[in-house]
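A structural walkthrough
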Amino acid sequence: MKRIVRLIFVLIACGVFASCSAYKPDLGPEGPYWKDNDTKNITEPTKREPSLAWEITERTTFRQAEQLLDLDRSFRKIGGRPRQAGNINSVDEVPNCSWYTNRHHLLPMTADEIRRGYNVTGGPDQSGPWTVFRPKVGGATAGFWIKDIKGNQYILKFDPPGNPEMATSAAAMAGRFFYAAGYNVPEETITSFRPEELVINDGVTYKDSDGIKRPFTREKLNEILSLAYHNPDGTVRCLASLALPNIKGPFSFSGRRKDDPNDWCRHEHRRELRALYVFCSFVNHWDIKDQNSMDTYADEDGRRFLKHHLLDFGSSMGSAGYGPQEPLAGYTNLFDLRDAFVSMVTLGLKKWQWEDAQPYQYPSIGYFESEIFHPAKWDPIYPIPAFENMTGRDAYWGAKIVLSFRNNDLRALIDAGQLSNPEAREYLFNTLKVRRDKIGRHWFGKVNPLDYFVLEQTPHSLTLTYEDLALKYGLNSTATSQYEVRYRGKAVIRTRQLVSSPLTLSVGDLSDLVTVYTPGNDAKGYLYEIRIETQRDSSKWSRPVVVWLWYDADDSHWRLVGVEHLD
Amino acid sequence: MVIAVSSGLAAVQIDTTRVREPVAHKRSVGQTILYSPALIIKAPLKLLKKSTQAGLKLATQEKGPHTFLMRLFGINRPLHPLVSYGSKPSLMGGIGFRLREVFKPGDQIRAKAWYSVNRYRLYEARYQSPSLFGANTGLALSADYAWRPRESFYGLGNGSQKDDEVSITYETGRIESGLNWQPSGRFGITLTGGYRSYNLYDGDETTLLTDLDVIRDTLGLDSSAFNPSRLWHLGLLTRFDQRNHPGQPTSGGTQDLWASLWRGTGVSDGLSYWLASVDLRQYFHLFRKRILAVRLAATSLKVVEDGDLGLPAYLLPTLGGENDLRGYKSNRFQDNALAMASLEYRFPVWPHSDGFVFVDEGRVFDSFGDDFGWREWRYSFGFGVRAWGAAGEKFRLTAAWSEEEVRFYFNFGQDL
């Protein structure tokens, strides 16, 4: 018995020890890295073909149990020290890599750039016939592949008959949003065609529901098109998605791809995949899953490597692709064991908020609302490991990118959807705006939303400028905000109350600063830590933002080398 | 490249000329110490996970043992494996075959062969067309053979005792047909007809009485109780379907009436009887897709002529099992007539899935006219989950209680 008690004690001690091993930013005099070297030449990987049925089963059941039994994760959770993302740089951002490119929030895009999105070909060439060469296999929506006269290949997807413009506009808008947020996406263009002008390639076949190969005839093509909305002039509006080259199967939201030596960080610990939760919640991309992603064997600057894409945004906002979204989409997993258990135990008497959903107003939008939306209670179609590992810092990072889409940017996104009803456009704008601000209010409340720090040095002082994002985006406009700055002095911890940015440190202050790191006897540099907390009205002080400064003794130069938003 | 970025008040510099050489995360000391016991704790789960993954892969992949069999028999058609479990047959395995659009759009041929650990054998072939003779006139043909060596029998009447359970082997062969006319989407008439053959032998369940002669004496049955029989039948089934959805009806209901004449031939020559049943189901929407399903059903058998050997007991209507009194075993009660009522409250738990609680009541009678009453009705209650689709119920898992036992049912619907 004593042995068991000792073992339990050792395990708890280890757990506490492990959970206390906090994240340490990679700090150096050069400042943050903004690019990861994960685009090195690799040998061509094989194509992954994971099973959707297994993925749903695994994520819904086995992984939930495994996570409970993961002692390191569980102890960290109990200790309030969850594992931080593994691929962030020293200023709490994601460096450019094969997964992600910093775009709108750091390099603001114009409304026209947002509207245009990722655009290489400008859509299928209308000057010649489109040749159907393959019906779409898999997925809930009908479609087929075409080749235009330039030889570019596109998959065409349509609007359901009862919801004109809905699926195509949702996919176009969400695709542009994810691109501007920094993800790799395929080119997607809204266009239209006359069905009678389509040409079917010789020898095209499809497999029926019994798996029997049958010729793809004009009748079958018409059958697919009968599931699509036809414009009054007989044309069919569609979303043409440019085929990604050299596809190697979807990526997984957990683990690493074994045949990709560049894949160095487990996917559930990638910041951009964790924070994807926030982006998906914003546009209600409920159908986010491994199968709606794709790795391609890219060829750029003479290097061949795996590039990671998100795709298929037809189940975003109020659209489910094949029809309007179910009201529950985004509010629960498809097979949510916890909710099902509660329903069973209460014999269905527990009322879920989405059950009071009003019928949708605009067929071109479907069911997309902002009233009952809660930024932290949004759920994807089934559990995503990266989302389950998201920390407050990851969510804050995602939220600040969502908030970087200002009203004009939202209108640009909506323009890309080519919705013909002005009232529907206005409804969509207001819905997105409210969801955006809810996201900001919620996640900015989890960490101290001071960001975009800049250090300026004069002979007699240092000026640290920062932005309070909650104020910048008008989320706490009525509250009075004050900031407390703490830095380690020689004798005591010095504090300074500020009512706004910037913080100016005099020579006296600087001489009082104590290094928190000195790199040896022949050192030429010193690291300093400044902590800033924020208080709104008379609520309690926030967790601090830690700013790391490097002093180079050789040239008496100060540099800002790190920022950490503690959650 | 160094980009100076202005973002509102502040400016951020993105220097992509300096490249970080990624280094994979290494476990800390604490993590390493925790990792080993976690690995041991998770081992059984990993094993279960791997085996489930392998099973699922086998069931869903296009290439597998079933495709090997298809090639072996030169059949380039979709064969699929079948697995089932029942308390009497135990574990059952088999192979199924389905072919669609054979003569007309919407028609299909299905065949199944099952074998079980307890030597049950079932062979079944079926052809179904909703519109073989025109848009509203369909045909269903089926033939099956079954060898069921461990079936239970409890004697006749509502007072039959659970402890009187005996084991009998049934050998049945059936050829059935149904010509369906659907003048409207809600109303249909089906002309049913067919031939059935029954042979009974000593049972296989060694813990129970298995000798037919001993059983007959013990339970005080007529000498005709276990005679073989050969029967033709002809009947008419009418169905009025007002449900608003076949999978998850929230209003409306179904009314089924069936009457058929059965006549013996060969060893059953001279036997003749009427069998009539009524099955009424109604659905009420309470609130937010919470539904109350009500069912009333009755069946009665009326002998016209006994023939040379009389009416065998096993041909009488039965009560018990998954479709009526769910807390009792199949065929638990048997007599000339039966009546039952059921209340089922359904509530959504997942999309296209409901939870339900129910209570069933029912009993058998020698004759509705002579001994119908409100006493000695048997009841059972329970709960479960069901999944439904556009065409009907797809799956049902039920746990049911009665004064005698607890029963569990696991059933995939017809359209899977």
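In the block above lies the structure referred to throughout.
So, here's what we can say about the structure.

Conventions we followed
Starting from 1, residues in each chain are numbered consecutively following that chain's sequence as written. Following the order in which they are written, the chains are lettered starting with A and the ligands numbered starting with 1. Given that this is a predicted model, residues contribute local features only at a pLDDT of at least 70 and side-chain atom pairs are listed and counted only at 80 or more, while totals for whole chains, interfaces and linings are drawn from all residues. Hydrogens and water molecules were not included; the side-chain quantities draw on all heavy atoms of the structure. Numbering of helices and strands starts at the N terminus; helices are DSSP runs of H or I of at least 4 residues and strands are runs of E of at least 2. Burial classes: relative accessible area under 20% of the type maximum marks a residue as buried, over 50% as exposed, and values in between as partly exposed (1.4 Å probe, protein chains only). Note on definitions: a residue-residue contact is assigned when non-hydrogen atoms from the two residues lie within 4.5 Å. For the area figures, the Shrake-Rupley method with a 1.4 Å probe applies, and any residue is considered shielded solely by the protein chains shown. For the radius of gyration, the atoms used are the C-alpha atoms, and the globule rule reads 2.2 Å times the number of residues raised to 0.38. In this count, Lys and Arg are taken as positive residues and Asp and Glu as negative ones, while His and the chain termini are left out. A charge is said to be at NZ when it belongs to Lys, at CZ for Arg, at CG for Asp and at CD for Glu. Two aromatic rings, drawn from Phe, Tyr or Trp (for Trp, its six-membered ring), form a pair once their centres lie within 6.5 Å of each other, and the interplanar angle then sorts them: stacked below 30 degrees, edge-to-face above 60, tilted otherwise. Whether a charge lies above a ring is judged from NZ of Lys or CZ of Arg, which has to be within 6 Å of the ring centre and within 35 degrees of the ring normal. Throughout, nonpolar core names a set of buried Ala, Val, Leu, Ile, Met, Phe, Trp, Tyr and Cys residues whose side chains join them through atoms within 4.5 Å. A 1.4 Å probe defines the accessible area here, and the buried area is the portion of it lost by two parts on being joined, summed over both. Salt-bridge detection follows one rule: a side-chain nitrogen of Lys or Arg within 4 Å of a carboxyl oxygen of Asp or Glu. Two N or O atoms form a polar contact when they lie within 3.5 Å of each other; inside protein one atom must be a possible hydrogen donor and the other a possible acceptor, and for residues adjacent in sequence the pair counts only when both atoms belong to side chains. Any residue that is not Ala, Val, Leu, Ile, Met, Phe, Trp, Tyr, Cys, Pro, Asp, Glu, Lys or Arg is counted as polar, Gly included; the first ten are nonpolar and the last four charged. Two strands qualify as a pair provided that DSSP identifies no fewer than 2 bridges between them. Interaxial angle, 0 to 180 degrees, is taken between N-to-C directions of lines fitted to C-alpha atoms, where a helix line uses only the stretch in contact. When the sulfur atoms of two cysteines come within 2.5 Å, that pair is taken as a disulfide. In this scheme, a crossing is called left-handed if the near helix is turned counterclockwise away from the far one by less than a right angle; it is called right-handed if the turn is clockwise. Arc definition: it is the arc formed by the directions from the helix axis to the C-beta atoms. Roughly parallel covers angles under 35 degrees, roughly antiparallel covers those over 145, roughly perpendicular covers 65 to 115, and oblique covers all other angles. Like-charged residues within 9 Å of one another, or nonpolar side chains (Val, Leu, Ile, Met, Phe, Trp, Tyr) within 5 Å, are grouped into patches, provided each residue has over 30% relative accessible area and no salt bridge.

1. Some words on the overall build of chain A
- Within chain A one finds 15 helices and 18 strands.
- Counting every position in chain A, which comprises 567 residues, the buried fraction comes to 57%.
- Long-range contacts, defined as pairs at least 24 residues apart, comprise 71% of the intrachain contacts of chain A with a sequence gap of at least 6.
- A total accessible area of about 24,100 Å² is found for chain A, and carbon and sulfur atoms account for 53% of it.

2. A short note on the overall build of chain B
- Secondary structure summary: chain B contains 4 helices and 20 strands in total.
- Compactness check: chain B gives a C-alpha radius of gyration of 29 Å against a globular reference of 22 Å for 416 residues, more than 25% above the reference.
- Projected onto its principal axes, the C-alpha coordinates of chain B cover approximately 105 × 55 × 55 Å.
- Evaluated residue by residue, chain B yields a buried proportion of 46% over its 416 residues.
- Look at the contacts in chain B between residues 6 or more apart in sequence, and 53% of them connect residues 24 or more apart.
- Split by element, the accessible area of chain B, about 21,700 Å² in all, is 59% carbon and sulfur.
- Of the side-chain charges in chain B, 49 are positive and 43 negative, and the distance between the mean point of each set is 14 Å.

3. Things to note about the packing of aromatic side chains
- Inspection of every chain in the model, using the stated rule, returns 47 aromatic pairs over all chains.
- A centroid spacing of 6.1 Å and a plane angle of 20 degrees characterise the contact between B:Tyr123 and B:Tyr145, whose relative ring orientation is stacked. Remark: B:Tyr145 occurs in strand E7 (residues 137–153) and B:Tyr123 occurs in strand E6 (residues 121–129); sequence separation between them is 22 residues.
- B:Tyr145 sits in the partly exposed class, given a relative accessible area of 26%.
- Aromatic rings pair up to connect A:Tyr100, A:Phe177, A:Phe178, A:Tyr183, A:Phe279, A:Phe282, A:Phe313, A:Trp397 and A:Phe405 into one cluster.
- The ring of A:Trp145 has A:Arg134 sitting right over it, with the charged end atom 5.0 Å from the ring centre.
- Positioned above the aromatic ring of B:Phe358, the side-chain terminus of B:Arg326 is 3.8 Å from the ring centre.

4. Some details on unusual backbone geometry
Residue and element names in this part refer to chain A.
- Phi is positive for asparagine 246, close to 50 degrees, though the residue is something other than glycine.
- Within the secondary structure, asparagine 246 is located in the loop between strand E8 (236–242) and helix H7 (271–274).
- One non-glycine residue with positive phi stands out, namely asparagine 284, at about 55 degrees.
- Within the secondary structure layout, asparagine 284 lies in the loop between helix H8 (276–283) and strand E9 (293–300).
- Assessed through its relative accessible area of 4%, asparagine 284 is described here as buried.

5. Notes on the environment of B:Leu34
- Along the chain, B:Leu34 falls in helix H1 (residues 29–60).
- Separated by 220 residues in sequence, B:Leu34 and B:Thr254 place their C-alpha atoms 60 Å apart.

6. Some thoughts on the nonpolar core
- A:Phe178, A:Leu276, A:Phe279 and A:Phe453 are the most contacted members of the largest nonpolar core, which has 96 residues in total.
- The residues contacting A:Phe178, other than those within four sequence positions of it, are A:Tyr183, A:Val185, A:Leu276, A:Phe279, A:Cys280, A:Val283, A:His285, A:Leu310 and A:Phe313.
- Among the nonpolar cores identified, the runner-up in size contains 23 residues, and B:Tyr170, B:Leu221, B:Ala313 and B:Tyr314 belong to it.

7. A word on the interface of chain B and chain A
- At the junction of the two partners, chain B supplies 57 residues and chain A supplies 65 residues.
- Across the interface of chain B and chain A, roughly 5,400 Å² is buried in total on both sides, 64% from carbon and sulfur atoms.
- Sorting the residues of chain B by area buried against chain A places B:Arg18, B:Arg20 and B:Leu34 first, and these three jointly supply 16% of that buried surface.
- If you look at where chain B meets chain A, you find 7 salt bridges.
- Of the charged contacts in the structure, one is a salt bridge between A:Glu58 and B:Lys49, with a shortest N-O distance of 2.9 Å.
- If you look at where chain B meets chain A, you find 16 residue pairs in polar contact (both at pLDDT 80 or more).
- Of all elements in the fold, only strand E1 (2–7), strand E2 (10–15), H1, strand E4 (90–100), strand E16 (337–350), strand E17 (353–365) and strand E18 (378–388) of chain B reach the threshold of two or more residues within the side of chain B that touches chain A.
- With 16 residues, the top contributor of residues to the side of chain B that touches chain A is H1(B).
- Class assignment for the residues of the side of chain B that touches chain A results in 31 nonpolar, 13 polar and 13 charged.

8. A few points about the sheet that holds strand E2 (residues 143–147) of chain A
All names here are of chain A.
- Taken together, 6 strands build an open sheet; the order of strands is E4-E8-E3-E2-E1-E5 and the sheet is mixed. With one partner strand each, in any of the chains shown, strand E4 (188–193) and strand E5 (199–200) form the two edges of the open sheet.
- With 2 bridges connecting them, strand E1 (residues 131–135) and E5 associate as parallel partners. Residue pairing across strands places valine 132 opposite isoleucine 200, the latter belonging to E5.
- Docked against the sheet, helix H5 (residues 166–181) engages strand E3 (153–158), E4 and E8, running at close to 155 degrees with respect to E4.
- Together, E1, E2, E3, E4 and E5 form the strand contacts of helix H6 (residues 218–225), whose direction differs from that of E2 by roughly 120 degrees.

9. Some details on the pairing of strand E19 (residues 393–402) of chain B
Residues and elements named next belong to chain B.
- Examined bridge by bridge, E18 and E19 share 9 bridges and lie antiparallel to one another. Pairing of phenylalanine 381 across the sheet is with tryptophan 401, part of E19.
- Between E18 and E19, which pair antiparallel in sequence order, lie 4 residues; one of them, glycine 392, sits at a positive phi of approximately 150 degrees.
- If you look at the hairpin formed by E19 and strand E20 (residues 406–412), you'll find 3 residues sitting between the two strands.

10. Section: the state of the cysteines
- In total, this model carries 0 disulfides over all chains according to the counting rule given.
- In this structure A:Cys97 is not part of a disulfide, and its nearest cysteine sulfur, from A:Cys265, lies 9.4 Å away.

11. Some thoughts on the packing of H8(A) against helix H13 (residues 422–443) of chain A
Residue and element names in this part refer to chain A.
- Relative to each other, H8 and H13 sit at 150 degrees, their axes nearing to 9 Å. For the pair H8 and H13, the sense of crossing is right-handed. When H8 is examined against H13, the residues Tyr277, Val278, Ser281 and Phe282 are found in contact with a partner set consisting of Leu432, Arg435, Arg436, Ile439 and Trp443.

12. Observations regarding the pattern of salt bridges
- Throughout the structure, instances matching the rule amount to 65 salt bridges over all chains.
- The salt bridge involving A:Arg76 is made with A:Asp72; its shortest N-O contact spans 3.3 Å. Here the residue A:Arg76 and the residue A:Asp72 both occupy positions in helix H3 (residues 71–79), the gap between them amounting to 4 residues, near one helical turn.
- Between A:Arg271 and A:Asp92 there is a salt bridge whose closest N-O contact spans 3.1 Å. Highlighted residues: A:Arg271 in helix H7 and A:Asp92 in the loop between H3 and helix H4 (111–116), separated in sequence by 179 residues. Each member of the pair, A:Arg271 together with A:Asp92, is buried.
- Because the salt bridges share partners, they merge into one network encompassing B:Arg326, B:Glu344, B:Arg346, B:Asp354, B:Asp360, B:Arg386, B:Glu393 and B:Arg396.

13. Describing helix H3 (residues 212–219) of chain B
Residue and element names in this part refer to chain B.
- For H3, the set of buried residues is Leu212, Ile215, Arg216 and Leu219. Down the axis of H3, the smallest arc covering the buried residues is 100 degrees, so these residues share one side. Away from the buried face of H3 by more than 90 degrees, exposed residues Asp217 and Thr218 are located.
- Buried residues belonging to H3 abut E7, strand E8 (166–181) and strand E9 (187–202).
- In the segment just after H3, glycine 220 is the residue with positive phi, at about 65 degrees.

14. Notes on the packing of H5(A) against H8(A)
Residue and element names in this part refer to chain A.
- H8 packs onto H5 with a crossing angle of 150 degrees between their chain directions and a minimal axis gap of 11 Å. As judged from the angle between their axes, H5 and H8 are roughly antiparallel. Once H5 is placed against H8, the crossing between them reads as right-handed. Contacts between H5 and H8 involve Phe177, Phe178 and Ala181 from the former and Leu276, Phe279, Cys280, Phe282 and Val283 from the latter.
- Here the contact of H5 with H8 is composed, by residue class, of 8 nonpolar, no polar and no charged.

15. Regarding a nonpolar patch on the surface
Residue and element names in this part refer to chain B.
- A contiguous nonpolar surface patch, about 740 Å² in accessible area, is contributed by Leu343, Val359, Tyr379, Phe381, Phe383, Trp401, Val406 and Phe408.
- Among the secondary structure elements, those contributing two or more residues to the nonpolar patch are E18 and E20.
- No other element matches E18, which puts 3 residues into the nonpolar patch.
- Structurally, the position occupied by valine 359 is in strand E17.

16. Thoughts on the environment of B:Lys42
- Within the secondary structure layout, B:Lys42 lies in helix H1.
- Separated by 255 residues in the primary sequence, B:Lys42 and B:Ala297 have C-alpha atoms spaced 51 Å apart.
- Ignoring sequence-local partners within four residues, the contact set of B:Lys42 consists of A:Glu66, A:Leu69 and A:Asp70.

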